[in-house]
Amino acid sequence: MDLDMKQVDGGVCAAKGFSANGVNCGLNEDKNKNDLALILSERECTAAAVYTTNKVKGAPILVTKAHLKATGNKTRAVIANSKNANTCNADGEEKAQMMCELAAAELGIRPEEVIVASTGVIGQRLPIEPIRDHVKELAEGLSPENHGKAANAIMTTDTYAKETAVSFTIDGKTCTVGGMAKGSGMIHPNMATTLNFVTTDIAISSELIQKALSEIVKVTYNCLSIDGDTSTNDMVSIMANGMAGNTPITQEGEEYETFRKALYQVLMTLTRMLAKDGEGASKLLECTCNGAPDQDTAIIVAKSVIRSPLFKCAMFGEDANWGRILCAIGYAEADFDINKVDVDLASAKGCVAVCRNGAGVDFSEDEAKIILGEDEIYINIDLHQGESSAKAWGCDLTYDYVKINGDYRS
């Protein structure tokens, strides 16, 4: 955590002027689980978003993109549901638009000012009736204190809600960035990864907020891999309402860099949460690649290791099979000399060197077993071929992952 950043409570409602709520509308048969979420800003927001790169895109993404284009990247609210992805349906866009219209009518805003998102099973028609029948209740319950209800409503196979927020100072004003995320499976790089909603009370131009979001997604969410599957509905959006009262940030400089650091802190924290809560996961894996000739090479190498099924299985078995790490480094699509590569495995229990100059070194298997017995494992790679570095995040591959996805629709 940067010394100028302070962790605060409130998640997606930590920033000034935001409220949220979540209810069970009936999409999820478990009445203890919310399935419909709403976020509202008191004022118009400057917005930015990044979407999945999958050629198959959920209807909500198409509607959201159209709305942001129509309003010049301005928005007021987000409505999102879980249990049903509203993807690959002939009436998908119609249903997504109806969700926006229902929310807008209750909030007294235009449908184009609503971002819409869905997550869940692909290919099943989304019934609009449960949403229509509960949107009034959803809107009436909007409150800054109900951020947890909204975070719960977007969960699918997640085991806990993911929220974080930080505060910092710009132009003498206290500013805040907060967010919530969902995702346990069907997570793989090169998209926004899962559903992620970020809010801030900072005043900033649409061009700079999009620039910051796109750049930071590259080194956070796009460096996360649970199972190698790129979802159809992945999206991260950010809303900035300017209520902190800072002089609007319209060019790069010290204030922009401060905001950028805060946004990185929030997205990185959510990324680690998503990795740790991967479907069936028992361990968080964090791979750091140092000494790379450039950042892209560092990202490619770290991601190559973190998404290797064989390596993930080895970590589940607490087996220091470093050859699988070298194998994954070796097929990474980047140029470097494998004969200069060092690898260490670490955790709260210590660190063990397993490879030097591309070859194995003697180490204690008993010591390695103790290190790998922890629930957070760090894979440290040094290419010794430059000054750039990057991190990637993932989890181990367990029996439970297969169980969860073997009967996902039921």
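Residues numbered from 1 in each chain as written. Predicted model: local features only at pLDDT ≥ 70, side-chain atom pairs only at ≥ 80, totals over all residues. Heavy atoms only, no water.

Bringing the overall build of the chain into the picture now. Counting its secondary structure elements, the chain contains 11 helices and 15 strands. If one aligns the C-alpha atoms of the chain with their principal axes, the spans along those axes are about 70 × 50 × 35 Å. Here the chain holds 410 residues, and 57% of them are scored as buried. Accessible surface, the chain: about 16,300 Å² in total, of which carbon and sulfur atoms supply 46%. On the chain, the mean spot of the 39 positive side-chain charges and the mean spot of the 57 negative ones are 3 Å from each other. (Helix = DSSP H or I, 4+ residues; strand = E, 2+ residues; numbered from the N terminus. Buried < 20%, exposed > 50% of the residue type's maximum accessible area, 1.4 Å probe, protein only. Areas by Shrake-Rupley, 256 points an atom, 1.4 Å probe, with all protein chains shown as cover. Lys, Arg positive; Asp, Glu negative; His and termini not counted. Charge placed at Lys NZ, Arg CZ, Asp CG, Glu CD.)

Turning next to the sheet that holds strand E10 (residues 284-292). Strand pairing in a sheet relies on backbone hydrogen bonds, with the paired strands running either antiparallel or parallel. Taken in spatial order, the 6 strands of this open sheet run E13-E12-E11-E14-E10-E15, and their pairing is mixed. Among the strands making up the open sheet, the edge pair consists of strand E13 (359-360) and strand E15 (388-395). (Pairing = 2+ DSSP bridges.)

What follows concerns helix H7 (residues 295-306). Along its 12 residues, H7 runs 16 Å from first to last C-alpha, staying within 8% of the 16 Å computed at 1.5 Å per residue. The buried count for H7 comes to 9 of 12 residues, which makes it a mostly enclosed element. Residues of H7 that are buried in the fold lie against helix H5 (206-219), E10, helix H8 (309-316), helix H9 (322-330), strand E14 (376-382) and E15. You can read the cap of H7 off the contacts: a side-chain oxygen lies 3.3 Å from the backbone nitrogen of Asp296, and it is on Asp294. (Expected span 1.5 Å × (residues − 1). Contact = heavy atoms within 4.5 Å. Polar contact = N/O pair within 3.5 Å; in protein donor to acceptor, adjacent residues only side chain to side chain.)

A separate point is the pattern of salt bridges. Pairing between side chains of opposite charge can happen when their charged atoms approach one another. Tallied over the entire structure, the rule returns 19 salt bridges. Between Glu113 and Arg110 there is a salt bridge, and its shortest N-O distance comes to 3.9 Å. The exposure class assigned to Arg110 is partly exposed, which follows from its relative accessible area of 44%. Residues joined by salt bridges that share partners form a network here, namely Arg272, Lys276, Glu286, Glu376 and Lys391. (Salt bridge = Lys/Arg side-chain N within 4 Å of Asp/Glu carboxyl O.)

Our focus in this paragraph is the packing of aromatic side chains. Taken as a whole and judged by the stated rule, the model has 1 aromatic pair. Relative to Tyr399, the ring of Phe316 lies with its centre 5.1 Å away and its plane at 90 degrees, an arrangement referred to as edge-to-face. Of this pair, Phe316 sits in helix H8 while Tyr399 sits in helix H11 (residues 399-406), placing them 83 residues apart in sequence. The exposure class of Phe316 is partly exposed, given its relative accessible area of 28%. One residue, Lys162, lies across the ring of Tyr160, its end atom 4.6 Å from the ring centre. (Phe/Tyr/Trp six-rings, centres within 6.5 Å; stacked < 30°, edge-to-face > 60°. Lys NZ or Arg CZ within 6 Å of the ring centre and 35° of its normal.)

Time to look at helix H2 (residues 92-107). In this model H2 runs 23 Å from its N-terminal to its C-terminal C-alpha over 16 residues, within 8% of the 22 Å that 1.5 Å per residue would give. For H2, the full list of buried residues reads Gly92, Lys95, Ala96, Met99, Cys100, Ala103, Ala104 and Leu107. Buried residues belonging to H2 abut strand E3 (36-51), helix H1 (59-71), strand E4 (74-81), strand E5 (114-118) and helix H3 (129-140). Backbone geometry just after H2 places Gly108 at a positive phi near 70 degrees.

What follows concerns the environment of Asn380. Considering the arrangement of structural elements, one finds Asn380 in strand E14. In this structure Asn380 comes out as partly exposed when scored by relative accessible area, which is 28%. Apart from residues no more than four positions distant in its own chain, Asn380 is found in contact with Thr288, Asp342, Val343, Asp344 and Ala346.

At Asn86, a residue that is not glycine, the phi angle is positive and equals roughly 50 degrees. Structurally, Asn86 can be placed in the loop between E4 and H2.

Among the structural elements, Thr64 can be located in helix H1. Separated by 2.8 Å, the side chain of Thr64 and the backbone oxygen of Val116 make a polar contact. Discounting chain neighbours no more than four positions away, the residues touching Thr64 are Tyr51, Ile115, Val116 and Met235.

Glancing now at the nonpolar core. Counting residues in hydrophobic clusters, the biggest one holds 74 residues, and the most contacted among them are Phe259, Val343 and Ile381. Membership of the second largest hydrophobic core comes to 26 residues, among which are Ala20, Tyr51, Val78 and Ala153. (Core = buried A, V, L, I, M, F, W, Y, C linked by side-chain atoms within 4.5 Å.)

Do not read the fine detail of predicted coordinates wherever pLDDT is low. For the chain, the mean per-residue pLDDT works out to 91, and 93% of the residues sit at or above 70. The model gives residues 185-193 a pLDDT under 50, and that stretch makes 54 contacts with residues more than four places away or in other chains. (pLDDT = per-residue confidence, 0-100.)

Mapped onto the fold, Asn196 is located in strand E8 (residues 195-200). Side-chain polar atoms of Asn196 contact the side chain of Tyr221, separated by 2.9 Å. Apart from residues no more than four positions distant in its own chain, Asn196 is found in contact with Met180, Ala181, Tyr221, Met235, Val236, Ser237 and Leu274.

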